[in-house]
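# Observations on the three-dimensional arrangement
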Amino acid sequence: MSTPTRRPRAPAALHASAIFALATLTPVTAPAAADATLSDVSITSSRFDEARNALSPGTGSSRYVFDSQTLETLPAGRNTSLTDMLLQAPGVVANSQGQLHVRGDHADLQYRINGVILPEGITGFSQVLSPRFAQDITLSTGALPAQYGERTAGVIDITSRRNFSGGDVGIYGGGFGTVEPTLDLGYTTPGGTTGFLSGSFLHSRLGTEKATPDYNPIHDATQQARGFGYFATPLTPTLRLNIIAGTTYGRFEIPNTPGQDANAVYEQFAALTAPDSRNLNARQYERNTFGIVALQGAFGAAGSWQLAAFNRISSLDYTPDPSGGDLLYNGVSAPIARKADTWGLQGDLNLPLAASHTLRAGFVAQLEDDRSDNRSTVFPTVDAVSGSCPPGSLDAGEDEPQCVSGAPTTIVDNHRKSGNTLAAVYAEDQWNISDRVTVNYGLRFTQLNAYITSNALSPRLGMVWYIDPNTTFHAGYARYFTPPPNQLVSSTSIAKLADTTNAPEVVENSPVKPERAHYFDIGIARQVSPSWNIGLDSYYKYARNLLDEGQFGNALIFTPFNLDRAHVYGVELTNAFKHGNWSAYLNVARSMAKGTGVTSGQFNLGPDELRYIDNHYVFLDHTQLWTVSAGTAYRWRQTVFSLDGTYQDGLRNDGPDGIPNSGKQPPYVVLNAAVVQTFNFTRPGPLKVRVAALNLLDRSYQIHDGTGIGVNRAEYGARRGVYLGLTQSF
């Protein structure tokens, strides 16, 4: 929770930085002559950083901060994926393919770098962004102030490294053939100009979740390259220019399941013999580039502003098995190409009006062009007569007749949707009513013109009450308006697929709508002792046209759809302990999410499934009743020992009764441990040696069993892997 100025001492925030704070390594001392100059630079830079923080209030919401020490103390260190790092925060549920669920939502996460929004891409940001370039990472949840909109389940704000001089080179690898070399370079000039470059390349036999419980994944290799650059220079004592750029490339093999049988009728009409299911070779390629140019200014005693332009280009290409395996097993082989190009402008202003009031106002406007190209090779079909296939056709169905009538044909179904626009403005006032009570109230207006045209006025209200110097109470209400992710909206022409093996059973396809929700949040934090903080937070959301997502094909692409009404609620208990060189944390979360009535994208579901959901409340597929995260770390001289883990109660499946999402997966525990030894060499610099064991107990666990709304296949988590990391600073 953010702390307003001129307040009595509040309890230490319940966030990850309090959990893992350890003594930092002694830095190399700069020459005395440079100290005075760098001190002036540091003061100027500090003012800009404080001004940027003033643009991002958290009054009435919950904030969890992973600082630099926390990132280094994670078992895999900065080689940890952003997804795995965020799992240590309360209320964050693990899923497959880089998906996260915060407080019962599917995705609905907004990512920012230095306070500037990054537009969404076709692939998850958790695979694009990396803790490597972060100074700290903040996850904000709850009833957010008016400046936050569009994606509101969680706002993940990454502050890039600053005042960085020198660099480091590293290598990390071990289990599942993992090899990841890294290089970081940075500089800070006497005039205050700062630059930072970070690059890495990953090769592993484990690219996404396995399709079997076997230790070794089958056809799951990946190669991923990432690059990030940051440049900042003061133009005047009150004006700074920031430039941020990043790029990623990922090549993934689609995991195979051995022992599957191809469809004999498909083989006969295609005049082909299917390859063994173990040897299929479907692949997916993902590319992302983003750039930000921001001007940041400060004025008066505490006024500040930021104006930023941003762009992101995201593309995905899925290539089916080249020998026809997709066609012979599934009745459809479809190369898929998607691309989203987004440009935008964002402005934020922080203006103290009086001793007790601070005005914040701003806007965001973005233009998005989307492209979806599909070439589906399918078999033609005819209708059954009296439950039997007519002469000249053969029944390729399992439960119902599917009468294949000829050789495969190709259907081209390409779509472009250019000129999608989103614009929003907001204004809010932070009112310090007294030394103990602060209220933040505001409005946000959003206009959407894309696959659907809609708008909303969203009031926000948050309050923080310092009951005593060690106890803080917060409460908030937010009216949320969540547009659908345009780049994921299915543009399939259902009519083109009629009378083919890829024809949907349901032909209704209403457009995906924005979600509208009422959100309430109440919490209390208590500093029990100088070493121990606890907190309790509760939330409730009632949504109309709730946005959910599912994977409805072999490609690792999620498709959004709406549920008419939904209730999402839960409670989170947090504990953080820090005493001397020892730190520990424990988070326990209980969540419930149910919805009814499918109001868009109906063709993705079967008729029985659709009928049941339209008449009953069902669990959302990503609902997990209990989630626990815990960890501890101890520093002994130059050695750090760390242990963390999560308990996942299990996502939903159809269960033995066949009712959608009525069952759940078995619970599982994943523990990770590491030992990090630092050797403080004067030249070239400190050397860190890390030994990490991920899934220390080697538990085999299943994330999905292939059933459930929007679940396409069985998926298993990684078994135990032991890794060695070397990082040499210079």
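Residues numbered from 1 in each chain as written. Predicted model: local features only at pLDDT ≥ 70, side-chain atom pairs only at ≥ 80, totals over all residues. Heavy atoms only, no water.

### So, a negative patch on the surface
So the rule is basically this: Patch definition: residues with relative accessible area over 30% and no salt bridge; like charges joined within 9 Å; nonpolar side chains (Val, Leu, Ile, Met, Phe, Trp, Tyr) joined within 5 Å. Per-residue and other accessible areas were derived by the Shrake-Rupley procedure at a 1.4 Å probe size, with only the shown protein chains allowed to occlude residues. Salt bridges are defined as contacts in which a side-chain nitrogen from Lys or Arg sits within 4 Å of a carboxyl oxygen from Asp or Glu. Charged-residue counts in this description rest on Lys and Arg as positive and Asp and Glu as negative, His and the chain ends being excluded. Charge coordinates come from a single atom per side chain, which is NZ of Lys, CZ of Arg, CG of Asp or CD of Glu. Secondary structure is summarised from DSSP: a helix means a run of H or I of at least four residues, a strand means a run of E of at least two, and numbering begins at the N terminus for each.
Together, E398, D399, E400 and E505 make up a region of like negative charge exposed at the surface. Mapped onto the elements, E398 comes out in the loop between β19 (394-395) and β20 (403-404).

### Notes on the pairing of strand β29 (residues 582-598)
Convention followed: Whether a residue is buried, partly exposed or exposed follows from its accessible area with a 1.4 Å probe, protein chains only, as a fraction of its type maximum: under 20%, in between, or over 50%, in that order. By definition, two strands form a pair when at least two bridges between them are found by DSSP.
In terms of burial, β29 is a largely internal element, twelve of the 17 residues being buried. Looking at chain direction, strand β28 (residues 559-579) and β29 are connected through 16 bridges and run antiparallel. Residue pairing for β29: E572 is matched across the bridge by A589. The loop that links β28 with its antiparallel partner β29 comprises two residues; one of these, G580, has a positive phi angle of about 60°. As defined by bridge partners, β29 adjoins strand β31 (residues 626-636) across nine bridges and the pair is classed as antiparallel. Its bridge partner lying in β31, L586 is registered against A630.

### Remarks on the nonpolar core
Note the following rule: Only buried residues count toward a nonpolar core. Its members are Ala, Val, Leu, Ile, Met, Phe, Trp, Tyr and Cys residues joined through side-chain atoms within 4.5 Å. Should any heavy atoms of two residues lie within 4.5 Å, those residues are considered in contact.
Among the nonpolar cores identified, the biggest contains 46 residues, and I113, L129, I137 and I292 are the most heavily contacted of them. Contacts of L129, omitting those with residues within four sequence positions, involve L82, Y111, I113, L118, I158 and F290. If you look at the next biggest cluster of nonpolar residues, it comprises 24 residues, including V155, A478, Y539 and L563.

### Points about the pairing of strand β25 (residues 471-482)
Here β25 lies mainly inside the structure; nine of its twelve residues are buried. For strand β24 (residues 453-468) and β25, the ladder comprises eight bridges, and the chain directions are antiparallel. Paired with W465 across the strands is F473, a residue of β25. Where β24 folds back on β25, the antiparallel hairpin that results is connected by two residues. Sheet analysis places β25 next to strand β26 (residues 515-529), joined by twelve bridges and oriented antiparallel. Along β26, the bridge assignment pairs H474 with G523.

### A look at the sheet that holds strand β18 (residues 381-382)
The three strands lie next to each other as β18-β20-β19, forming an open sheet whose pairing is antiparallel. Strands at the two margins of the open sheet, each flanked by one partner only, are β18 and β19. One ladder, built from two bridges, connects β18 with β20; its direction is antiparallel. Residue pairing for β20: V382 is matched across the bridge by C403.

### Overview of the side chain of D698
Threshold: Polar contact is defined as a pair of N or O atoms within 3.5 Å, subject to the rule that within protein one atom must be able to donate a hydrogen and the other to accept it, and that residues adjacent in sequence are counted only when both atoms are side-chain atoms.
Here D698 is to be found in the loop between β36 (687-694) and β37 (702-705). A polar atom in the side chain of D698 sits 3.0 Å from the side chain of R719. One polar contact links the side chain of D698 to the main-chain amide nitrogen of R720, over a distance of 3.0 Å. Look past the residues within four positions of D698 in its chain and what remains in contact with it is Y215, R719 and R720.

### Brief notes about the side chain of D67
Mapped onto the elements, D67 comes out in the loop between β1 (61-66) and α3 (68-73). R78 provides the closest opposite charge to the buried, salt-bridge-free D67, at an N-O distance of 8.1 Å. A distance of 3.2 Å separates the side chain of D67 from the backbone nitrogen of Q69, its partner in a polar contact. At a separation of 2.8 Å, a polar atom in the side chain of D67 contacts the side chain of T70.

### Focus: the sheet that holds strand β4 (residues 109-113)
In space, the five strands of this open sheet follow the order β1-β6-β7-β4-β5, with mixed pairing throughout. Strands with a single pairing partner mark the edges of an open sheet, and in this sheet they are β1 and β5 (116-117). With two bridges connecting them, β4 and β5 associate as antiparallel partners. From the neighbouring strand, R112 faces β5, where its bridge partner is I117.

### Things to note about unusual backbone geometry
Residue P684 follows R683 across a cis peptide bond; omega there is -5°. Within the fold, P684 resides in the loop between β35 (668-679) and β36. Residue H219 is not a glycine yet carries a positive backbone phi of 55°. H219 sits in the buried class, given a relative accessible area of 16%. For S386, which is not glycine, the phi torsion reads 55° and is therefore positive. Within the secondary structure, S386 is located in the loop between β18 and β19. Residue S386 is classed as exposed on the basis of its relative accessible area of 76%.

### A word on the pattern of salt bridges
Counting across every chain of the model gives 22 salt bridges. The residue R103 makes a salt bridge to D537 at a minimum N-O spacing of 3.1 Å. One end of the pair, R103, is in the loop between β3 (100-102) and β4; the other, D537, is in strand β27 (residues 532-550), with 434 residues separating them in the sequence. The two residues R103 and D537 agree in class, both being buried. Across the salt bridge formed by R132 and D184, the nearest N and O atoms sit 2.8 Å from each other. With a gap of 52 residues between them, R132 in the loop between α5 (125-128) and β6 (134-142) and D184 in strand β9 (residues 178-188) connect regions that are remote in the sequence. The pair formed by R132 and D184 is uniform in burial state, with each residue classed as buried.

### Notes on a nonpolar patch on the surface
A cluster of nonpolar side chains, namely L307, L345, F363, V425, L443, F445 and L457, defines an oily patch on the protein surface of about 570 Å² accessible area. Take L345: it is sitting in strand β16 (residues 336-354).

### A word on the confidence of the model for the protein chain
Rules: Every residue carries a pLDDT, the predictor's confidence in it, which falls somewhere between 0 and 100.
Per-residue pLDDT for the protein chain has a mean of 89; in total, 91% of the residues score no lower than 70. In the model of the protein chain, helix α1 (residues 16-20) stands out as the element of lowest mean pLDDT, 35, in contrast to β36, which has the highest, 98.

### Description of the packing of aromatic side chains
Note the cut-off: To pair, rings of Phe, Tyr and Trp, with the six-membered ring standing in for Trp, must have centres within 6.5 Å; the planes then decide the type, stacked if under 30 degrees apart, edge-to-face if over 60, and tilted in the middle.
Counted according to the given criterion, the structure contains 13 aromatic pairs. On the numbers, 5.1 Å between centres and 10° between planes, the contact of Y266 with F379 is stacked. With Y266 in helix α6 (residues 264-270) and F379 in the loop between β17 (357-378) and β18, this pair connects stretches of sequence that are 113 residues apart. Of the two residues examined, Y266 and F379, each falls in the buried class. Through a chain of ring-to-ring contacts, three or more aromatic side chains come together here, namely Y477, F520 and Y540.

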